[in-house]
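Residue-level listing of the chains:
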Amino acid sequence: MSDTELIRLKPRRIRVVCWASAVALLVVFSLVATSLTGATGEGYGTFQRGDQVAMVGLGVLGALGILLFTRPRVEADARGVRVRNVLGSYELPWEVVRGVRFDRGAPWASLELHDDDLLPMVALQAADKEIAVDGVRALRRLHQAHLSRLGGASTHP
């Protein structure tokens, strides 16, 4: 394993689902916007062009909210691991990582830290099956390589 190896991992299945859902939501809101014409009922109000634009705008905001779930990714190299989840990002050197976990029944993998914290890695989801398992194995190899370098460095003065 070379020191320049870079591992990039993204969820697969959730990305497809999110993009399809975002497009569907935008289409539905656009269709509703085109149907907003005429009177609002028995009252005095009428739907205006601004109401239609606002409806499309709400569809765009909803689609962007759905697309937030395509944000997770993990990048790792010999120096450390960078985890980007839906709302937060973390950059950790391998020195603070105790292990890479992917427990049976867990929705995603996590990093076990030396301070007993668990950092979820939403990019490695159980729904992706073998792709996620291969990603966890690659992260474990990098972590093990780091531990080996530490062991080799401590035996040589």
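The coordinates are above.
This section reports on the structure supplied with the text. Keep in mind that this is a model prediction, so the values were computed, not measured.

A few points about the sheet that holds strand E3 (residues 80-84)
Reading across the sheet, the 4 strands line up as E1-E2-E3-E4 and stay open at both edges, with antiparallel pairing between neighbours. The sheet is open, and its two edges are formed by strand E1 (7-9) and strand E4 (89-93), each paired on a single side. Looking at each pair of strands side by side, their axes are set apart by 10° on average, direction ignored. Examined bridge by bridge, E3 and E4 share 5 bridges and lie antiparallel to one another. Paired with Arg84 across the two strands is Ser89, which belongs to E4.

Concerning the side chain of Gln52
Summarising the element assignment, Gln52 is placed in helix H2 (residues 49-67). With relative accessibility at 13%, the residue Gln52 sits in the buried group. Beyond its immediate stretch of four places on either side in the chain, Gln52 contacts Ala33, Thr34, Leu36 and Thr37.

Section: the side chain of His143
In this fold, His143 is placed in helix H3 (residues 130-155). What His143 contacts, discounting residues up to four positions off in sequence, is Trp94, Val97, Arg98 and Gly99.

A short note on the pairing of strand E2 (residues 73-76)
Burial of the side chains of E2 is restricted to one face: Val74 and Ala76 are buried, whereas none of Arg73 and Glu75 on the reverse face is. Sheet analysis places E1 next to E2, joined by 3 bridges and oriented antiparallel. When the bridges of E2 are listed, Leu9 appears paired with Val74. When E2 meets E3, the two strands line up antiparallel, connected through 4 bridges.

What counts, and where the lines are drawn
- Residues numbered from 1 in each chain as written.
- Predicted model: local features only at pLDDT ≥ 70, side-chain atom pairs only at ≥ 80, totals over all residues.
- Heavy atoms only, no water.
- Pairing = 2+ DSSP bridges.
- Helix = DSSP H or I, 4+ residues; strand = E, 2+ residues; numbered from the N terminus.
- Axes fitted to C-alpha atoms, helices over the stretch in contact; angles between N-to-C directions.
- Buried < 20%, exposed > 50% of the residue type's maximum accessible area, 1.4 Å probe, protein only.
- Contact = heavy atoms within 4.5 Å.

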